[in-house]
Amino acid sequence: MAFELPPLPYDYEALAPFMSKETLEYHHDKHHQAYVTNGNNLLKDSGLEGKSLEDVVKESYGKNAGLFNNAAQHYNHVLFWNWLKKDGGGKSLPGKLQTAFDADLGGYDKFKADFIAAGTTQFGSGWAWVAVKDGKLSISKTPNGENPLIHGATPILGVDVWEHSYYIDYRNARPKYLEAFVDSLINWDYVLELYEKAV
């Protein structure tokens, strides 16, 4: 099944000043589109045509690096655009999510500190995650396009720390970008939706 670039679920100005129109135009229209285009080219004759995106990611890992990199980044970004919303972020988590964050991650403040630390300390390109494994939440970081799927977990929240995600707006201040993401951009309703599916 061919990969397709999904439209953004908001307009290009919606996330300003925390994420600019220019960042979204480059990140969505150029970078994500490139993963889709390259992924489709590499999917041909891979033996994985017709599989779901998740299966392509899992089954190409460690076997077909080019396909994996592009398919995984496509998967990561399809989720990433939905993890963002205007007037998002902050401490007002839906009840069920708050309970899980309290039980597994030590509460909101500890989650925020640990999640920002994971994103800040990911050397080079990559992602920071909250994922569900065996019914429990944990925070992790991965290099490049790797994600929790290949480690037997289900991501419910992730933040892109490739420079193309923040350099236009924050230059080299990655921690400032991560703070803005947590404080002002997270779509907690979508995180809850993924959490409920995962458990």
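Residues numbered from 1 in each chain as written. Predicted model: local features only at pLDDT ≥ 70, side-chain atom pairs only at ≥ 80, totals over all residues. Heavy atoms only, no water.

- As recorded in an unreviewed UniProt entry, the chain goes by the name Superoxide dismutase, listed as coming from Kaistia dalseonensis.
- As its UniProt record puts it under Sequence similarities (unreviewed entry), the chain is described as follows: "Belongs to the iron/manganese superoxide dismutase family."
- Regarding the chain, the UniProt comment filed under Catalytic activity (unreviewed entry) reads as follows: "2 superoxide + 2 H(+) = H2O2 + O2". (UniProt positions renumbered as here; feature names shortened; annotations may be inferred.)

**Description of the side chain of Ser20**
At step 1: You can see Ser20 is positioned in the segment before α1 (21–43).
At step 2: Ignoring sequence-local partners within four residues, the contact set of Ser20 consists of Tyr12, Ile168 and Asp169. (Helix = DSSP H or I, 4+ residues; strand = E, 2+ residues; numbered from the N terminus. Contact = heavy atoms within 4.5 Å.)

**Let's talk about the pairing of strand β2 (residues 136–143)**
At step 1: Alignment of strand β1 (residues 126–133) against β2, held across eight bridges, turns out to be antiparallel. Within β2, the position partnered with Val130 by the bridge is Ile139.
At step 2: Between the end of β1 and the start of β2, which pair antiparallel, lie two residues, with Asp134 showing a positive phi angle near 50°. (Pairing = 2+ DSSP bridges.)

**Some thoughts on the UniProt feature "domain: Manganese/iron superoxide dismutase N-terminal" (unreviewed entry) in the chain**
At step 1: When the UniProt feature table is mapped onto this chain, "domain: Manganese/iron superoxide dismutase N-terminal" (unreviewed entry) is found at residues 3–84.
At step 2: Helix makes up 60% of residues 3–84 and strand 0%, whereas the separation of the span's terminal C-alpha atoms amounts to 21 Å.

**Things to note about the sheet that holds strand β3 (residues 154–160)**
At step 1: Across the sheet, three strands lie side by side as β2-β1-β3; this open sheet has antiparallel pairing. The open sheet terminates on both sides in strands that have one partner only, identified here as β2 and β3. Direction aside, neighbouring strands of the sheet carry axes that sit 20° apart on average.
At step 2: In terms of strand pairing, β1 meets β3 through six bridges, oriented antiparallel. Within β3, the position partnered with Ala131 by the bridge is Pro155. (Axes fitted to C-alpha atoms, helices over the stretch in contact; angles between N-to-C directions.)

**Points about the nonpolar core**
At step 1: Of all hydrophobic cores here, the largest spans 62 residues; its most connected members are Phe80, Phe111, Leu157, Phe181 and Trp188.
At step 2: When residues of this core are assigned to their parent elements, the largest contribution, eight residues, is made by helix α3 (residues 65–82).
At step 3: Discounting chain neighbours no more than four positions away, the residues touching Trp188 are Gly89, Gly90, Ser92, Leu93, Pro94, Leu97, Phe101, Tyr108, Phe111 and Leu157. (Core = buried A, V, L, I, M, F, W, Y, C linked by side-chain atoms within 4.5 Å. Buried < 20%, exposed > 50% of the residue type's maximum accessible area, 1.4 Å probe, protein only.)

**Notes on helix α7 (residues 174–185)**
At step 1: Of the positions making up α7, those classed as buried are Arg174, Tyr177, Leu178, Ala180, Phe181, Val182, Ser184 and Leu185.
At step 2: Lining the buried residues of α7 we find α3, α5 (108–121), β3 and α6 (167–170).

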